[in-house]
Amino acid sequence: MARTAGIERAVELARRIVLDLEREYGVTHAPLDPDRPFGINAWVYRTRSGDNIDFEVYGMVDAHLRDPKWCARLRVELEDLVAQYNWSSPTDPADRRFGGGAVFLCTEAEERARGGRSAEVRVYRRWLGRLLGRRFRPYLPVACD
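Residues numbered from 1 in each chain as written. Predicted model: local features only at pLDDT ≥ 70, side-chain atom pairs only at ≥ 80, totals over all residues. Heavy atoms only, no water.

Novice: Residues and numbers for the sheet that holds strand S3 (residues 99–105), please.
Specialist: On the basis of which strands lie adjacent, the open sheet formed by four strands has the order S3-S2-S1-S4 and mixed pairing. The sheet is open, and its two borders are formed by S3 and strand S4 (121–123), each paired with just one other strand. Across this sheet, the average inter-strand angle for adjacent strands is 20 degrees, counted without regard to direction. With three bridges joining them, strand S1 (residues 39–47) and S4 adopt parallel strand pairing. Its bridge partner being in S4, Ala 42 is matched across the sheet by Val 121. Of the strands in this sheet, S1, strand S2 (50–58) and S4 touch helix H1 (residues 10–28), which is tilted by about 160 degrees from S1. Sheet contacts for helix H3 (residues 68–83): S2 and S3; angle to S3, the most-contacted strand, approximately 145 degrees. (Pairing = 2+ DSSP bridges. Helix = DSSP H or I, 4+ residues; strand = E, 2+ residues; numbered from the N terminus. Axes fitted to C-alpha atoms, helices over the stretch in contact; angles between N-to-C directions. Contact = heavy atoms within 4.5 Å.)

Novice: Explain H3 residue by residue, including any values.
Specialist: Between its first and last C-alpha, H3 extends 22 Å over 16 residues, near the 22 Å set by a 1.5 Å rise per residue. Of all the residues in H3, the buried ones are Trp 70, Cys 71, Leu 74, Leu 78 and Val 82. The buried residues of H3 occupy an angular sector of 100 degrees when the element is viewed end-on, so they sit on one face. Within H3, the exposed residues directed more than 90 degrees away from the buried face are Pro 68, Lys 69 and Arg 73. On its buried side, H3 packs onto H1, S2, helix H2 (62–65) and S3. Between a side-chain oxygen at the N-terminus of H3 and the backbone nitrogen of Lys 69 the separation is 3.1 Å; the capping residue is Asp 67. (Expected span 1.5 Å × (residues − 1). Buried < 20%, exposed > 50% of the residue type's maximum accessible area, 1.4 Å probe, protein only. Arc of directions from axis to C-beta. Polar contact = N/O pair within 3.5 Å; in protein donor to acceptor, adjacent residues only side chain to side chain.)

And the structure:
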């Protein structure tokens, strides 16, 4: 996206994506449950190949999350929105602005555990996860290896 071309740090880009998606998507798609408005958070983490950003989304009821077709459709829609902020080099498609881009749909229990806070960008640091143990690791399985 041309509007974000000048953002170099993954944390700042994640913050911009979260705020944009919360504003755009949250307004245009009515929440499924008035007690659970649309919310999105990001996890930024580094691997050997570079910076990665994954997203957790909440605001859905568990009954909808049990429908695999509904979940797949929502996940693809959100992943397509996130992909608009990424780029790849015309000469090297593996050269991406950020890796990851996965969208995790939170259950009602996970939403409660997060305290309903939205628009947060968390930085996952492997050394801290090892120090604190499994109990403190994030929900995102990709950030836990």
